[in-house]
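The lines below spell out each chain.
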Amino acid sequence: MTRFESAKQIYQSFGIDVDKAMAAASAMPISIHCWQGDDVVGFDNPQGGAGNGIQTTGSYPGRARDFEELKQDFLKACSCIPGRKRINIHACYAVFTDGWADRDKLEYRHFAPWVDFAKAHGFGIDFNPTVFSHPMIKDGLSLSSPHENVRSFWVEHCIRCREIAQKIGEALDDTALCNIWIPDGYKDIPSDRLTPRLRLKESLDRILEKPLPNVIDSVESKVFAVGVESYTVGSSEFYLNYAASRKGVYPLLDNGHYHPTEVVSDKIAAMLPFFDKVPLHVTRGVRWDSDHVVIFEDELREIMKEVVRNDAMEKVLIGLDFFDASIDRVAAWVIGARNARKALLWALLQPDLKKEQDEGDFTRRLAMMEDAKTLPFGDIWAEFCKCHAVPEDGAWYDEILEYEKTVLEARI
Ligand code: RNT
Ligand code: ZN
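Bear in mind that the values here come from a model prediction, so they are computed numbers and not experimental data.

Engineer: Before we move on, could you go through the overall build of the protein chain and cite the residues and values that matter?
Structural biologist: Scanning the protein chain for helices and strands turns up 14 helices and twelve strands. Going through the 412 residues of the protein chain one by one, you find that 56% of them count as buried. Summed over its atoms, the accessible surface of the protein chain is roughly 18000 Å², and 52% of this surface lies on carbon and sulfur atoms. One way to put it: in the protein chain the 49 positive side-chain charges average out to a point 2 Å from where the 65 negative ones average out.

Printed below as a string of structure tokens:
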């Protein structure tokens with residue numbers, strides 16, 4: 001008997017169907033963000049880099065410097081990531097083949113090369129306006145700025161992004177998530193907390209006025225960040241109320257965007273009674289900011305458990321969001337994306353204890369939950385990787401290291 005077969009039997013004795021879990025774990029799309037590959041720099045201002053609302057730290061060699069390198073690195077990472085994938089791109093990743101265009105002049109043609117790439121590899125695409133790293137962020141504000149010309153610039157950008165997402169969706173015969181995140185906020189105590197929010201509300205109404213069939217619109221809240229310690233215009237309550245009062249707009253939950261003791265695993269089931277879709281940014285918050293590489297930690301597993309347990313695999317849209325420039329970027333992608341998929345499979349292999357809860361049998365609920373934690377999950381994951389023809393744990397790193405030595409180190 002192989003280790004997999006023996007593990008499967010043990011799971012069976014807990015009433016868990018391993019084959020079913022493996023099939024469900026492969027079928028669920030995970031949207032992998034392109035921005036881990038180049039430190040959120042993009043192609044529209046490569047000298048400028050990330051800034052004005054977003055920050056990447058680290059200077060590991062080998063950053064992807066253009067579209068070709070980013071695609072190459074993304075595919076390398078994908079060769080070590082099992083399961084169905086989407087690619088999540090930002091407007092700053094416009095591919096300029098016949099001249100540069102500013103953010104308020106972007107068109108679908110600037111992203112058509114991404115669609116060709118996605119088609120060739122069977123990826124879906126998700127899209128994001130890029131409302132940072134640009135001189136039109138004034139005094140730290142964009143859509144909530146007191147200056148009408150600043151707001152209009154970003155409103156136009158976001159409208160164009162929705163239209164681009166619509167065309168991407170059409171071209172792929174699919175839907176594309178179009179997620180708006182803005183960095184607007186203040187480092188120190190604001191003297192007016194309301195007016196910026198009223199302006200943001202008005203800007204969003206201008207952007208989201210027209211329903212677009214292939215687009216799923218979302219708005220992403222945040223609590224604080226470096227440089228924005230005292231006030232964030234797009235807070236959780238603001239966007240939750242906004243989404244709840246508008247048709248077809250969803251609040252995106254980024255698990256690095258809450259106070260450190262708040263957990264997104266508890267928020268998912270608070271959204272599901274009201275929203276038919278719950279978009280997520282799966283990340284790892286550390287102290288005051290999000291965006292560390294996703295690890296196989298309790299909260300990640302708990303988030304995936306909520307997705308599975310609430311029959312929400314068709315409702316929750318999993319997107320990854322992290323960027324680390326202090327380690328091999330391709331390895332960072334692999335580590336984070338493998339962990340997301342691994343946690344999903346792990347969640348699918350947990351016993352269903354809803355009955356115990358309803359019957360008030362809290363002892364058995366806790367006992368089973370605890371016992372299930374050390375079932376031979378590693379053997380199932382190893383088989384899962386094998387079935388998807390990707391290297392197992394302990395084997396992928398050498399491949400990525402080889403790529404670092406031969407490809408990334410040549411980029412000087
Ligand atoms: C930033 C937000 C946002 C970005 C991306 C690049 O804190 O999480 O989602 O990470 O849009
Ligand atoms: Zn995010």
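Engineer: Before we move on, can you summarise the coordination of the zinc ion (ligand 2) with the specific residues and values?
Structural biologist: Glu-220 (OE), Asp-254 (OD), His-281 (ND1) and Asp-321 (OD) make up the full set of protein donors to the zinc ion (ligand 2), lying at 2.1 to 2.2 Å. Take Asp-254: its relative accessible area is 0%, and that puts it in the buried class.

Engineer: Go over the packing of helix H6 (residues 195-207) against helix H7 (residues 236-244) with me, naming the residues and quoting the values.
Structural biologist: In contact at an axis separation of 12 Å, H6 and H7 are set at 35 degrees when each is read in the N-to-C sense. As for how H6 packs across H7, the hand of that crossing is right-handed. Of the residues in H7, those touching H6 at Arg-197, Leu-200, Lys-201, Leu-204 and Asp-205 are Phe-238, Tyr-239 and Tyr-242. A class-by-class count of the residues in the contact of H6 with H7 yields five nonpolar, no polar and three charged.

Engineer: Quick one: what's the story with the site of ligand 1, residue by residue and with numbers?
Structural biologist: Taken together, 13 residues lie near ligand 1, and His-90, Glu-220, Lys-222, His-257 and Asp-321 sit nearest. Between an oxygen atom of ligand 1 and a side-chain N or O atom of Lys-222, the distance comes to 2.6 Å. In the model, an oxygen atom of ligand 1 is placed 3.0 Å from a nitrogen or oxygen of the Asp-254 side chain. Calculation on ligand 1 without its partners gives an accessible area of 310 Å², and the protein chains cover 99% of this total. Of the residues contributing to the shell around ligand 1, the split by class is four nonpolar, four polar and five charged.

Engineer: So what about the nonpolar core? Which residues, and what values?
Structural biologist: Among the nonpolar cores identified, the biggest contains 129 residues, and Phe-111, Trp-114, Leu-143, Leu-204 and Leu-345 are the most heavily contacted of them. Beyond its immediate stretch of four places on either side in the chain, Trp-114 contacts Cys-34, Phe-43, Phe-67, Leu-70, Ile-87, Ile-89, Tyr-93, Val-95 and Ile-125.

Scoring rules and cut-offs
All residue numbers here refer to positions counted from 1 along the written sequence of the relevant chain. Think of it this way: whatever chain is written first is A, whatever ligand is written first is 1, and the rest follow in order. Confidence filtering applies because this is a predicted model: local features only for residues at pLDDT of at least 70, side-chain atom pairs given and counted only at 80 or more, and all residues used for totals across whole chains, interfaces and linings. Each side-chain value is derived from all of the structure's non-hydrogen atoms; neither hydrogens nor water enter the calculation. Secondary structure counts use DSSP, requiring at least four H or I residues in a row for a helix and at least two E residues in a row for a strand, with both numbered from the N terminus. For the exposure calls, accessible area comes from a 1.4 Å probe over protein chains only, and a residue counts as buried if that area is under 20% of its type's maximum, exposed if over 50%, partly exposed in between. Using a 1.4 Å probe, the Shrake-Rupley method yields the accessible areas, and only the shown protein chains count as cover for residues. Under the counting rule used here, the positive set is Lys and Arg, the negative set is Asp and Glu, and His together with the chain ends is not counted. Positions of charges follow a simple convention, taking NZ of Lys, CZ of Arg, CG of Asp or CD of Glu. Each metal site lists N, O and S donors within 2.8 Å (3.2 Å for Na, K and Ca). With water left out of the atoms, a site can look as if it is missing ligands. Angles here are taken between N-to-C directions and fall from 0 to 180 degrees, while the axes themselves are lines fitted to C-alpha atoms, restricted in helices to the stretch in contact. In this scheme the handedness of a crossing depends on how the near helix is turned from the far one: anticlockwise by less than a right angle means left-handed, clockwise means right-handed. A contact between two residues is defined here by any heavy atoms of the two lying within 4.5 Å. Note on residue categories: nonpolar means Ala, Val, Leu, Ile, Met, Phe, Trp, Tyr, Cys or Pro, charged means Asp, Glu, Lys or Arg, and polar means any other residue, Gly included. Residue proximity to a molecule or strand is established when one non-hydrogen atom of the residue lies within 4 Å of it. Side-chain atoms alone can form a polar contact between residues adjacent in sequence; in general such a contact is a pair of N or O atoms within 3.5 Å, and within protein one must be able to donate a hydrogen while the other accepts it. In these notes, a set of buried Ala, Val, Leu, Ile, Met, Phe, Trp, Tyr and Cys residues joined through side-chain atoms within 4.5 Å is what counts as a nonpolar core.

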